[in-house]
Each structure stands twice: as C-alpha cells, then as structure tokens.
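Observations on chain architecture
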Amino acid sequence: MASISERTFIAIKPDGVQRGLVGEIIRRFEQKGFKLVAMKLTHASEDLLREHYIDLKDRPFYAGLVQYMHSGPIVAMVWEGLNVIKTGRVMLGETNPMDSKPGTIRGDLCVQVGRNIIHGSDSVESPQKEISLWFKPAELIDYRSCAHVRIYERCRFP
Ligand code: DAT
Ligand code: MG
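Residues numbered from 1 in each chain as written. Chains lettered and ligands numbered in written order. Predicted model: local features only at pLDDT ≥ 70, side-chain atom pairs only at ≥ 80, totals over all residues. Heavy atoms only, no water.

**Let's talk about the nonpolar core**
Ranked by internal contacts, the top residues of the largest apolar core, which has 20 residues, are Ile 25, Phe 29, Trp 79, Ile 117 and Ile 118. Of all the secondary-structure elements, those providing two or more residues to this core are strand 1 (7-12), helix 2 (22-32), strand 3 (74-80), helix 5 (84-92) and helix 6 (105-109). Ranked by residues supplied to this core, first place goes to helix 5 with four residues. Beyond its immediate sequence surroundings of up to four residues, Ile 117 is in contact with Ala 11, Ile 12, Lys 13, Asp 15, Gly 16, Arg 19, Leu 21, Ile 25, Tyr 68, Ile 105, Leu 109 and Cys 110. In this structure, Phe 9, Tyr 53, Tyr 62 and Tyr 68 belong to the second largest nonpolar core, which totals 18 residues. (Core = buried A, V, L, I, M, F, W, Y, C linked by side-chain atoms within 4.5 Å. Buried < 20%, exposed > 50% of the residue type's maximum accessible area, 1.4 Å probe, protein only. Helix = DSSP H or I, 4+ residues; strand = E, 2+ residues; numbered from the N terminus. Contact = heavy atoms within 4.5 Å.)

Here it is, written out as structure tokens:
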C-alpha cells in the first residue's frame, strides 16, 4: 500500500560531487516535498561498492563502475515520501543521459552513461538492502516534518 513513509536510497556519485552538483540535486528532492532522513559524505570502500552493484557483477563495465565510484567522495542519502522510489527514478531520468528527458537530473546535468552523477534505488526491494548497506540504523534520523500537513492531503500530526 502507498505510504508517506516509503524510503529510497539516493547517492550523488563522485563526478556529481566533484562537479559541484550536490546543492542542485538536494534542492530538487527538497523542493519536490520529500523528507531527508539521512545524509553523509563518504568515501566508500571497494568492498561496499562491489556489494552495492552485485547484480551487475557479470556486466563488462562492472570493474570500471566500481573503480569510478571509488574515485572520490559520494553523498549518500535516504529520502522519504509517498511513492518516493518511483518518483525518485523519474526525477533521475534514464540510466543513459542520452535517453533522459530535459527536466530530469541526468537529462539536465550529465552526458555519458559511465558518468551519470547519481544513483537511485531502482525497485521496491532495493532500498532496504541499500539503506542497510550504507547506513547504520542510528544514522536514520527520526523527526517530524512541519511541512507534511501542507504536502499530504490527510496528514495530521500524530
Ligand atoms: P541505474 O543507475 O539507472 O539504476 P543500472 O542499475 O542498470 O542503472 O546500472 C548501474 C550503473 O552502471 C549506471 O548508473 C551506470 C553504469 N552503467 C550501466 N550501464 C552501463 C553501460 N552500458 N556502460 C557503462 N556503464 C554503465
Ligand atoms: Mg540500478
């Protein structure tokens, strides 16, 4: 069932950080109305990155992908809100920026698939695995959003 506490894992990749796009990307999720529940700047280990992309381990670009993701700091985040997994993917655009529409993050801000600046959970199951891989439970911050009553139709403070 649709829930306003649905969560997704979003990461600004090393190219996005180096190109100074952190603020622009966070702005889009904030202004949409999603709630930030975790965020850190981290230089991920190759082991973590190999596990993060384990489903792609047999693809020819896997080693290069892990190397690129390990090339510098990443901004790892958890965003929460109604339909945030699917809507987050729409906001990202297609995997290949060449296929991404203007108005999407990849459509507006990058050019090539191997430097596509942002990661977003791509299925209903993946956020749970990704969030626990990148964050300890205590790093997920529990707080009340004062904007929720203006963003959701039937939301009241508990
Ligand atoms: P997405 O990041 O849109 O979920 P994915 O999970 O299929 O896409 O692939 C993960 C990342 O791997 C993707 O963001 C960029 C890289 N990648 C995918 N296809 C690639 C290709 N054909 N060549 C180089 N890198 C690729
Ligand atoms: Mg993916």
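**Observations concerning the side chain of Ser 100**
By the secondary structure assignment, Ser 100 is in the loop between helix 5 and helix 6. Only 3.3 Å separates the side chain of Ser 100 from the backbone oxygen of Asn 96, close enough to count as a polar contact. In contact with Ser 100, other than residues within four places in its own chain, are Gly 93, Glu 94, Arg 106 and Gly 107. (Polar contact = N/O pair within 3.5 Å; in protein donor to acceptor, adjacent residues only side chain to side chain.)

**Section: the UniProt feature "active site" (unreviewed entry) in the chain**
Using the residue numbers shown here, the UniProt feature "active site" (unreviewed entry) corresponds to His 119. Considering the arrangement of structural elements, one finds His 119 in strand 4 (residues 118-120). Once you skip the residues sitting within four places of it in the chain, His 119 turns out to touch Phe 9, Ile 10, Ala 11, Lys 13, His 52, Tyr 53, Leu 92, Arg 106 and Glu 130. (UniProt positions renumbered as here; feature names shortened; annotations may be inferred.)

**So, the site of ligand 1**
Taken together, Lys 13, Tyr 53, Leu 56, Phe 61, Leu 65, Arg 89, Thr 95, Arg 106, Val 113, Asn 116 and Asp 122 make up the full set of residues near ligand 1. Separating an oxygen atom of ligand 1 from a side-chain N or O atom of Asp 122 is a distance of 3.3 Å. In the complex, the protein chains occlude 75% of the 510 Å² of accessible area that ligand 1 would expose alone. Here the residues of the shell around ligand 1 sort into five nonpolar, two polar and four charged. (Near = heavy atom within 4 Å. Areas by Shrake-Rupley, 256 points an atom, 1.4 Å probe, with all protein chains shown as cover. Nonpolar A, V, L, I, M, F, W, Y, C, P; charged D, E, K, R; others polar.)

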